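Chain residues, written in single-letter form:
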Amino acid sequence: IESESALFWVAGKPGAGKSTLMKYVFNDDQTSTLLSKKDKGIKKIGYWFHDLGEPNEKTFLGFLRSFLYQLLKSFPELLQIILGIYLEVKNRGSIDDVTWNEIDTRRALKAISLQNIVFGRICLFVDGLDECDAGAMRTEDIDFIVGLEKWKAISIKTCISSRPELPIKLRL
C-alpha cells in the first residue's frame, strides 16, 4: 500500500489464503488510513473473480463492466466523458436491456483513460486473476490491467492476487 510501485502481485498456491488476505486488506480500516496519507480522496475499487460464480464473476468482461461501474460511482463527473458511448449502447438495446458488450466497455474505459478533465486516485484490488475465463485469460487482458498505471488523469495503484500461472507471471 505504501510502496511507490503501481502494481503489487500476491501469488500463491491454491488454498494458501490469497482471497482471505485480499478481502482483509480491502476491508481493513488501516488500509484506508494508509492510502489516505498520500491522498484523502483516494477511492478503493475491488473485484473478485470466482470460477464457480455467476457469468459476470468469472469473465474478463464481468471485470471490465464492474470496473467501469465502480469508476463512474466513484467519479460521477466521468459520465460526461462516456455519454456518447452510453447513448449508442442504449439505442442498440431494448428499453429494459442496456447491455454493454466488451467493445463498448473497452471504448468507454479507453475514453476515461485518455481524458484530462476529472482527476483522482484509485487503489484497485483484483482477486483470483487466474480464475478469469476458467484459467484461459488472454494476454491482452493481463496487459489491460498492467496498463492501468498509464492512465492520464486518474492514477491507479493495483493489487492483484492469483496462482503463479505462467501467462500471468510473464506479464506481471
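That block above? That's the structure.
Residues numbered from 1 in each chain as written. Predicted model: local features only at pLDDT ≥ 70, side-chain atom pairs only at ≥ 80, totals over all residues. Heavy atoms only, no water.

(A) Examining the overall build of the chain more closely. Check the secondary structure of the chain and you find eight helices and four strands. Listing every helix and strand of the chain by position from the N terminus yields β-α-α-β-α-α-α-α-β-α-β-α. At 16 Å, the chain has a C-alpha radius of gyration in line with the 16 Å of a compact globule built from 172 residues. Taking the contacts inside the chain whose residues are at least 6 apart along the sequence as the reference set, 76% of them involve residues at least 24 apart. Here the chain displays about 9800 Å² of accessible surface, and carbon together with sulfur accounts for 54% of that area. On the chain, the mean spot of the 24 positive side-chain charges and the mean spot of the 23 negative ones are 4 Å from each other. (Helix = DSSP H or I, 4+ residues; strand = E, 2+ residues; numbered from the N terminus. Rg over C-alpha atoms; globule rule 2.2 N^0.38 Å. Contact = heavy atoms within 4.5 Å. Areas by Shrake-Rupley, 256 points an atom, 1.4 Å probe, with all protein chains shown as cover. Lys, Arg positive; Asp, Glu negative; His and termini not counted. Charge placed at Lys NZ, Arg CZ, Asp CG, Glu CD.)

(B) Expanded view of the environment of L72. Looking at where L72 falls in the secondary structure, it is placed in helix α4 (residues 60-74). Sequence separation between L72 and I82 is 10 residues; the distance between their C-alpha atoms is 9.7 Å. Setting aside its immediate chain neighbours within four residues, L72 contacts L78, L79, I82 and I112.

(C) Broad picture of the state of the cysteines. Tallied over the entire structure, the rule returns zero disulfides. Just so you know, C132 is unpaired, no disulfide at all, and the nearest cysteine sulfur is the one on C159, 17 Å from it. Judged by its relative accessible area of 0%, C132 falls in the buried class. Residue C159 stays outside any disulfide, its sulfur separated by 6.9 Å from that of C123, the closest cysteine. A relative accessible area of 11% means that C159 is categorised as buried. (Disulfide = S-S within 2.5 Å. Buried < 20%, exposed > 50% of the residue type's maximum accessible area, 1.4 Å probe, protein only.)

(D) Seen up close, the pattern of salt bridges. Evaluated as defined, the whole model comprises 10 salt bridges. Between R92 and D104 there is a salt bridge, with its nearest N and O atoms 2.0 Å apart. Here R92 is found in helix α5 (residues 79-92), whereas its partner D104 is found in helix α6 (residues 102-114), with 12 residues between them in sequence. Of the charged contacts, one joins R138 and D141 as a salt bridge, the two residues approaching to 3.0 Å between their closest N and O atoms. Of the residues examined, D141 reaches a relative accessible area of 0% and is grouped as buried. Within the structure, one salt-bridge network assembled from shared partners comprises E102, R106, R138, E140 and D141. (Salt bridge = Lys/Arg side-chain N within 4 Å of Asp/Glu carboxyl O.)

(E) Representation of the nonpolar core within the structure. Ranked by internal contacts, the top residues of the largest apolar core, which has 35 residues, are F60, F63, F67, L71, L124, F144 and W151. Within the residue set of this core, elements represented by two or more residues are β2 (43-48), α4, α5, α6, β3 (120-127), α7 (139-146) and β4 (154-162). Tallying contributions element by element places α4 first for this core, with seven residues. If near-sequence neighbours (up to four positions away) are discounted, L71 is found in contact with I45, L78, L109, I112, I122 and W151. F26, L35, C123 and F125 belong to the second largest nonpolar core, which has eight residues in total. (Core = buried A, V, L, I, M, F, W, Y, C linked by side-chain atoms within 4.5 Å.)

(F) Inspection of the environment of A134 at higher detail. If you trace the backbone, A134 turns up in the loop between β3 and α7. Separated by 30 residues in sequence, A134 and D104 have C-alpha atoms that sit 23 Å apart.

(G) Representation of the packing of α5 against α6 in the model. Interaxial distance between α5 and α6 falls to 8 Å at its minimum, and their mutual angle equals 170°. Taken together, α5 and α6 sit at an angle that is classed as roughly antiparallel. Of the residues in α6, those in contact with I81, I82, I85, E88, V89 and R92 of α5 are D104, R107, A108, A111 and I112. (Axes fitted to C-alpha atoms, helices over the stretch in contact; angles between N-to-C directions. Parallel < 35°, antiparallel > 145°, perpendicular 65-115°, else oblique.)

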